[in-house]
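Read off the chains here:
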2 protein chains.
Amino acid sequence: MKKHQLQDTICAPATAAGVAAIAIIRLSGNKATDIADGMFKPAGGQKELANFSSHKMIFGHIVREESLIDEVLLTRFVAPHSYTGEDMVEVSCHGSPYIQQQILNLMIELGARMAHPGEFTMRAFLNGRMDLSQAEAVADLISSNSEASRKMAMNQMRGHFSKRIMELRQKILEFSALIELELDFSEEDVEFANRDDLLDLLNETEAEINALRDSFSMGNVLKLGVPVAIIGKPNVGKSTLLNAILNEERAIVSEIPGTTRDAIEDTITIGGVAFRFIDTAGLRESEDTIEKVGIGRTYEKIQQASIILYIFDASQTSLDEIAETMKEFRERVGDENKRLILIANKIDLMEEIPHHFRSLVDLETIFVSAKRKENISMLTESLLKTVEQHPEESRDLLVTNSRHFEALTGAGKAIEAIRKGITDQIPGDLLSIDLRTALHHLGSITGEVTSDEILGEIFGRFCIGK
Amino acid sequence: MKKHQLQDTICAPATAAGVAAIAIIRLSGNKATDIADGMFKPAGGQKELANFSSHKMIFGHIVREESLIDEVLLTRFVAPHSYTGEDMVEVSCHGSPYIQQQILNLMIELGARMAHPGEFTMRAFLNGRMDLSQAEAVADLISSNSEASRKMAMNQMRGHFSKRIMELRQKILEFSALIELELDFSEEDVEFANRDDLLDLLNETEAEINALRDSFSMGNVLKLGVPVAIIGKPNVGKSTLLNAILNEERAIVSEIPGTTRDAIEDTITIGGVAFRFIDTAGLRESEDTIEKVGIGRTYEKIQQASIILYIFDASQTSLDEIAETMKEFRERVGDENKRLILIANKIDLMEEIPHHFRSLVDLETIFVSAKRKENISMLTESLLKTVEQHPEESRDLLVTNSRHFEALTGAGKAIEAIRKGITDQIPGDLLSIDLRTALHHLGSITGEVTSDEILGEIFGRFCIGK
């Protein structure tokens, strides 16, 4: 980030686009108060914004050359007590896109420029209001669409994850300092850093890093939604099942107009966890395009899924056919951490569950009637189990960000090299290189070590106005 | 509006739906502060919201049973100094639809209910914060998409229109009181209300009401956009012309990401006035579906337009053909307050404008090259003239609302009846009935006279959260 860019005063709408009661426009930078002064007339006649205290909403008029643009509430945030750490102004105006545009135009005429995506949060980072992993969590929080993703983002934003990383880094830093000191006294052949202590530390650190790395697959799945594939022959009730699950959960969510509008189709939140139902062929396409059991044709889709629901018509399917499907599944997919749940559908058409079906109990089988919405809660509970096998307390420290995952991988490799180096009794200056690599990777997570390029990449993914 | 409904505390998102940096959730009613107290923990440990002053943004946590939902800024507005005139709370949270839903759920659990569309503004009206025409202007302001519509809505919201209506009504009210007094003393045959003065007043009032009524067609057109139809043979350059006009204006509007997303297709704002280009056949449909000159087939579309642009290929069109079209136009459409502008296109294909085309100057003809964007500004200026024939000062009092137009029509008729009654020397008690009718209609505009039904109809058209 070039220094001169931080000198700019930036503006952007902070609320979603569209017609609404209210919209918020943000202004941040040295000139925020001056620019606001140039366009805002407080009701009651007081003139200068500097006379108003920070965080106080002031009613007044946005004007351009005496012509009234809008009646607004305006709030000053005096540095450093603002989101960015700079002087900020928020204008709460009538939610007409046209009026928002007029106010932004006015700000730009008075010397502000449009903010880049994520620029407010980047400034918050550069001004020391939050570290890099916390800044990344802001974007995750905004796009969270389930309790699990919200909670993970919130924990990360509050700095729990950063704190752990910084602690790990601090320990390595201390040893690194001792090793560097040894190098200064290398002719005297002293050992300030006890090699056994260092090995203990490395083992401990490596174990922690590996645990964090391992949490990524679950963290990522929780953040984006657990991918579920529904497969089966035509007309066994795939869509009906999906609708039944959807209804089951919709009943719990209170009916708030406007809040479900943005729900991604086929993502269903169960017990606070998002499940992303993959659109396998046959679910949407004309059902008769698939003649055989689903696995062959939907193989690629299955590869993306963590959970596979194999649904069959219990009133018409033989055990042989199920066994054949299971065999095909194992051959093509293996287990690969995938969970296969058998759904015996259409039990409403049967007088009783046939005796020989009992053998299916060894496999994970749920008998349902998607049509009559019977036993659907058994299925949703079963889906949740996949997630809940990971104990709650460890969830605070799930890695959800692929950048963090890569940095942890890099740090892990460096630590492995250090450990090997110590065992091989390599000289301190070579150890030192690997130590610095480990420090670099851990530091890149929180932003203690960073580059313009990385910042540009991270904040470029944010929305405008954040 | 039933009184008990005003006892409810209502909540709703006030910003547009979608993922964004910030979202605002509103709470209004007796229990607003209590509900907010039940879910908000201010940073710094102070507990009761009552300890914080009105209009002060407070940083803190939204919590449900010790579990953190979001970090927010919360503002109290202490009655009567709020939008609704009631105790209000605004929560500025992270703009995730999921988080918004959680906060709304929490408010509902604590005793609020979801607001109906327009309910905040209806309460502002019922609590005397604004009159009915001002409340209606809030909705117009939010949906304004041009300088003209914004300005009209703002004037109306600020009460300029209401003031004039109330003044008119006040005068009639005074005379009405005198007439009523005469009725009390009817046996003494006195005339408190001088009939000549009354007639003067009626003439004056009627003139004003008629002027307001007449402004409706222009006001409505400015509010919704001036309807323009582009007609002409295939391949004369209709789409190219529309694009050229669009480009001409886009260059002026500063490029703000996100602000043009909601622009209605084919509505172009020129000099602050919206022009709504009607989709005439041939503009979108396959061009060769129209064989003849446009008027015959596009007759219906032309009926909706205030301005008709008849475009022809100047390099290939004979004066005879133009004359024939003009004749057809006059026969089928007449003038009916419609303006016909001739666009002689493709002047880039011609060495010079043919001498005989000079006769077209008597008609309103503009020679352009849509392809090379030549002379397009002449056209846009000409379009603006239609609107600017109405002097600026009268625009403050344009009627834009069909409900107001109907009320003014009703009041006008009643006044006509009164005037006739006076001339015919009908008894005071009969005059009195017409006077009350006039008062009723004028009072219904500002809401001095109203009914639950009318309120329901007006506010039902608002968006949620306003």
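Residues numbered from 1 in each chain as written. Chains lettered and ligands numbered in written order. Predicted model: local features only at pLDDT ≥ 70, side-chain atom pairs only at ≥ 80, totals over all residues. Heavy atoms only, no water.

J.: Which parts of the structure should I look at to understand the overall build of chain A?
T.: Looking only at helices and strands, chain A features 15 helices and 13 strands. Taken over 466 residues, chain A has a buried fraction of 53%. Taking contacts inside chain A between residues at least 6 apart in sequence as the whole, the part at least 24 apart equals 69%. As displayed, chain A has an accessible area near 21300 Å², and 48% of this comes from carbon and sulfur atoms. (Helix = DSSP H or I, 4+ residues; strand = E, 2+ residues; numbered from the N terminus. Buried < 20%, exposed > 50% of the residue type's maximum accessible area, 1.4 Å probe, protein only. Contact = heavy atoms within 4.5 Å. Areas by Shrake-Rupley, 256 points an atom, 1.4 Å probe, with all protein chains shown as cover.)

J.: So what exactly am I meant to see when it comes to the sheet that holds strand β6 (residues 88-95) of chain B here?
T.: Backbone hydrogen bonds are what pair the strands of a sheet, in a parallel or an antiparallel way. Judged by pairing direction, the sheet is mixed, and its 7 strands sit side by side in the order β3-β4-β5-β6-β2-β1-β7 (chain B) without closing on themselves. If you trace the sheet from one side to the other, it starts and ends with β3 (40-42) and β7 (113-114) of chain B, each paired once. Running at roughly 75° to strand β5 (residues 67-77) of chain B, helix α6 (residues 147-157) of chain A makes contact with β5 and β6 of chain B of the sheet. (Pairing = 2+ DSSP bridges. Axes fitted to C-alpha atoms, helices over the stretch in contact; angles between N-to-C directions.)

J.: Sorry, what's going on with empty space enclosed by the protein here?
T.: Using a probe with the size of a water molecule, rolled over the atoms, empty space left in the structure can be pinpointed. In the structure shown here, the tally under the stated rule is 6 cavities of 30 Å³ or more. Here the largest cavity is characterised by a volume of approximately 90 Å³. Lining the largest cavity are Ile24(A), Met57(A), Leu73(A), Thr75(A), Glu90(A), Val91(A), Ser92(A), Ile24(B), Met57(B), Thr75(B), Glu90(B) and Ser92(B). Those elements that place two or more of their residues in the lining of the largest cavity are β5 (67-77) and β6 (88-95) of chain A together with β6 of chain B. The dominant element in the lining of the largest cavity, judged by the number of residues it contributes, is β6(A), at 3 residues. (1 Å grid on protein atoms, 1.4 Å probe; cavity = no way out; pocket = protein on both sides within 12 Å on 5 of 7 lines; lining within 4 Å. Points joined across faces, edges and corners; volume = space filled by probe spheres on them.)

J.: Honestly, the confidence of the model for chain A in this entry has me stumped. Any pointers?
T.: Any residue range with low pLDDT should be treated as having predicted coordinates unsuitable for detailed reading. Residues and elements named next belong to chain A. For chain A, per-residue confidence averages 84 on the pLDDT scale, and residues scoring 70 or more make up 87% of the total. The secondary structure element of chain A with the lowest average pLDDT is helix α1 (residues 3-7), at 68, and the one with the highest is β6, at 98. Across the whole predicted complex the pTM is 0.81, and at the interface the ipTM reaches 0.81. (pLDDT = per-residue confidence, 0-100.)

J.: How should I be thinking about the pattern of salt bridges in this particular structure?
T.: Pairing of side chains with opposite charge becomes possible as their charged atoms draw close. Residue and element names in this part refer to chain B. Within this structure, the stated rule accounts for 40 salt bridges over all chains. The partner of Glu-86 in a salt bridge is Arg-123, with the nearest N and O atoms 3.0 Å apart. Taken together, the positions of Glu-86 in the loop between β5 and β6 and Arg-123 in helix α4 (residues 119-126) put the pair 37 residues apart, joining distant regions of the chain. With a relative accessible area of 11%, Glu-86 lands in the buried category. (Salt bridge = Lys/Arg side-chain N within 4 Å of Asp/Glu carboxyl O.)

J.: Explain the interface of chain A and chain B here, please?
T.: One frequently used descriptor of interface size is the decrease in accessible area upon assembly of the parts. With 59 residues of chain A at the interface, the matching set in chain B holds 61 residues. One can count 2 salt bridges joining chain A with chain B. In this structure, the salt-bridge partner of Arg158(A) is Glu71(B), at a minimum N-O distance of 3.5 Å. Taken together, the links from chain A to chain B amount to 18 residue pairs in polar contact (both at pLDDT 80 or more). When residues of the side of chain A that touches chain B are traced back to their parent elements, those giving at least two are β2 (20-28), β4 (57-64), β5, β6, α3 (97-109), α5 (132-142) and α6 of chain A. Per element, the largest residue contribution to the side of chain A that touches chain B is 8 residues, and it comes from α3(A). Here the side of chain A that touches chain B is built from residues that sort into 29 nonpolar, 19 polar and 11 charged. (Polar contact = N/O pair within 3.5 Å; in protein donor to acceptor, adjacent residues only side chain to side chain. Nonpolar A, V, L, I, M, F, W, Y, C, P; charged D, E, K, R; others polar.)

J.: Looking at this structure, I do not really get the relation of the copies chain A and chain B. What am I missing?
T.: Two copies of the chain are present, and they differ by a rotation about an axis and a shift along that axis. For these two chains of identical sequence, chain A goes onto chain B by a turn of 180° and a shift of 0.0 Å along the axis, with RMSD 0.1 Å. Such a combination of turn and shift is consistent with a two-fold rotation axis. When you check the interface residues of chain A against chain B, 100% turn up at the interface there too, and the contact is symmetric in its surfaces. (Least-squares fit on C-alpha atoms with pLDDT ≥ 70 in both.)

J.: Explain the packing of aromatic side chains here, please?
T.: Describing an aromatic ring pair means giving the distance of the ring centres and the angle of the ring planes. On inspection of all chains with the given rule, the structure shows 6 aromatic pairs over all chains. An angle of 40° between the planes, with centres 5.7 Å apart, marks the rings of Tyr310(B) and Phe312(B) as tilted. With relative accessibility at 2%, the residue Tyr310(B) sits in the buried group. Assessed through its relative accessible area of 2%, Phe312(B) is described here as buried. Arranged with centres 5.2 Å apart and planes meeting at 40°, the rings of Phe459(B) and Phe462(B) form a pair that is tilted. Take Phe459(B) and Phe462(B): they sit in the same class, and that class is buried. Seen from the ring of Tyr83(A), Arg26(A) lies directly overhead, with NZ or CZ sitting 5.0 Å from the centre. Looking at Arg26(B), its charged tip hangs above the ring of Phe120(B), at a distance of 5.5 Å from the centre. (Phe/Tyr/Trp six-rings, centres within 6.5 Å; stacked < 30°, edge-to-face > 60°. Lys NZ or Arg CZ within 6 Å of the ring centre and 35° of its normal.)

J.: Would you mind showing me how to read the pairing of strand β8 (residues 226-231) of chain A here?
T.: Two faces, one strand: in a regular strand the side chains alternate between the faces of the sheet. Residues and elements named next belong to chain A. For β8, the buried fraction is high: 6 of the 6 residues fall into the buried class. The pairing of β8 with strand β10 (residues 273-278) spans 4 bridges and is parallel. By the bridge assignment, Ala-229 is partnered in β10 with Ile-278. Two elements, β8 and strand β11 (residues 307-313), share 4 bridges in a ladder whose sense is parallel. Bridging from a neighbouring strand, Val-228 pairs with Ile-307 of β11.

J.: How do you make sense of the pairing of β6(A) when you look at a structure like this?
T.: Residue and element names in this part refer to chain A. The buried fraction of β6 is high, at 8 of 8 residues. Pairing between β2 and β6: 8 bridges, direction antiparallel. When the bridges of β6 are listed, Arg-26 appears paired with Glu-90. Pairing of β5 with β6, which is carried by 5 bridges, proceeds in the antiparallel orientation. Of the residues in β6, the one forming a bridge with Leu-73 is Ser-92.

J.: How do you make sense of helix α12 (residues 376-388) of chain A when you look at a structure like this?
T.: Taking 1.5 Å of rise per residue, 13 residues should cover 18 Å, and α12(A) covers 19 Å from first to last C-alpha, within 8% of that figure. Taken together, the buried positions of α12(A) are occupied by Ile376(A), Leu379(A), Thr380(A), Ser382(A), Leu383(A), Leu384(A), Thr386(A) and Val387(A). (Expected span 1.5 Å × (residues − 1).)

J.: Please clarify how the nonpolar core should be interpreted in this entry.
T.: Generally speaking, soluble globular proteins have nonpolar side chains that are buried together. If you look at the biggest cluster of nonpolar residues, it comprises 105 residues, and the most contacted ones within it are Val91(A), Ile103(A), Met107(A), Ile103(B) and Met107(B). Aside from chain neighbours lying at most four places away, what touches Ile103(A) is Ile25(A), Met39(A), Ile62(A), Ile69(A), Val91(A) and Cys93(A). (Core = buried A, V, L, I, M, F, W, Y, C linked by side-chain atoms within 4.5 Å.)

J.: Hey, could you run me through the sheet that holds β11(A) in this one?
T.: All names here are of chain A. An order of β9-β10-β8-β11-β12-β13 is seen for the 6 strands of this open sheet, with the pairing classed as mixed. Each having just a single partner strand, β9 (267-270) and β13 (365-367) make up the two edges of the open sheet. Sheet twist, expressed as the average angle between the axes of neighbouring strands with direction ignored, equals 30°. Contacting β8, β9, β10, β11, β12 (339-345) and β13, α12 crosses the sheet at an angle of about 180° to β12.

J.: How should the packing of helix α8 (residues 195-224) of chain A against helix α13 (residues 402-423) of chain A be read in this particular structure?
T.: Residues and elements named next belong to chain A. The N-to-C vectors of α8 and α13 enclose an angle of 155°; their axes lie 9 Å apart at closest approach. When the interaxial angle is binned, α8 and α13 end up roughly antiparallel. Here α8 runs over α13; the crossing is left-handed. Facing Arg-195, Leu-198, Leu-199, Leu-202, Asn-203, Thr-205, Glu-206, Ile-209, Leu-212, Arg-213 and Phe-216 of α8, the residues of α13 in contact are Ser-402, Phe-405, Leu-408, Thr-409, Ala-411, Gly-412, Ile-415, Glu-416, Ile-418, Arg-419 and Ile-422. Residues belonging to the contact of α8 with α13 are distributed by class as follows: 12 nonpolar, 5 polar and 5 charged. (Parallel < 35°, antiparallel > 145°, perpendicular 65-115°, else oblique. Left-handed = near helix turned anticlockwise from the far one by under 90°.)

J.: In this structure, what is going on with a negative patch on the surface? I would like to understand it.
T.: On the surface, Glu191(A), Asp196(A), Asp197(A) and Asp200(A) cluster together to form a negatively charged patch. Judged by relative accessible area, Asp197(A) falls into the partly exposed class, the value being 42%. (Patch = residues over 30% accessible without salt bridge, like charges linked within 9 Å, V, L, I, M, F, W, Y side chains within 5 Å. Lys, Arg positive; Asp, Glu negative; His and termini not counted. Charge placed at Lys NZ, Arg CZ, Asp CG, Glu CD.)

J.: I'm lost on the environment of Glu182(A) in this one. Help?
T.: Residues and elements named next belong to chain A. Inspection of the secondary structure assignment puts Glu-182 in helix α7 (residues 160-184). Residue Glu-182 is classed as buried on the basis of its relative accessible area, which comes to 8%. Separated by 170 residues in sequence, Glu-182 and Glu-352 place their C-alpha atoms 79 Å apart. Glu-182 has contacts with Val-190, Glu-191, Phe-192, Ala-193 and Arg-195, leaving out every residue within four places of it along the chain.

J.: Teacher, can you tell me more about unusual backbone geometry here?
T.: Trans is the common state for peptide bonds, and a negative phi is the common state for residues other than glycine. Put simply, Ala79(A) and Pro80(A) share a cis peptide bond, and its omega is 0°. Among the secondary structure elements, Pro80(A) is positioned in the loop between β5 and β6. A positive phi angle, close to 60°, is found at Lys373(B), a residue other than glycine. Looking at the element boundaries, Lys373(B) is found in the loop between β13 (365-367) and α12 (376-388).

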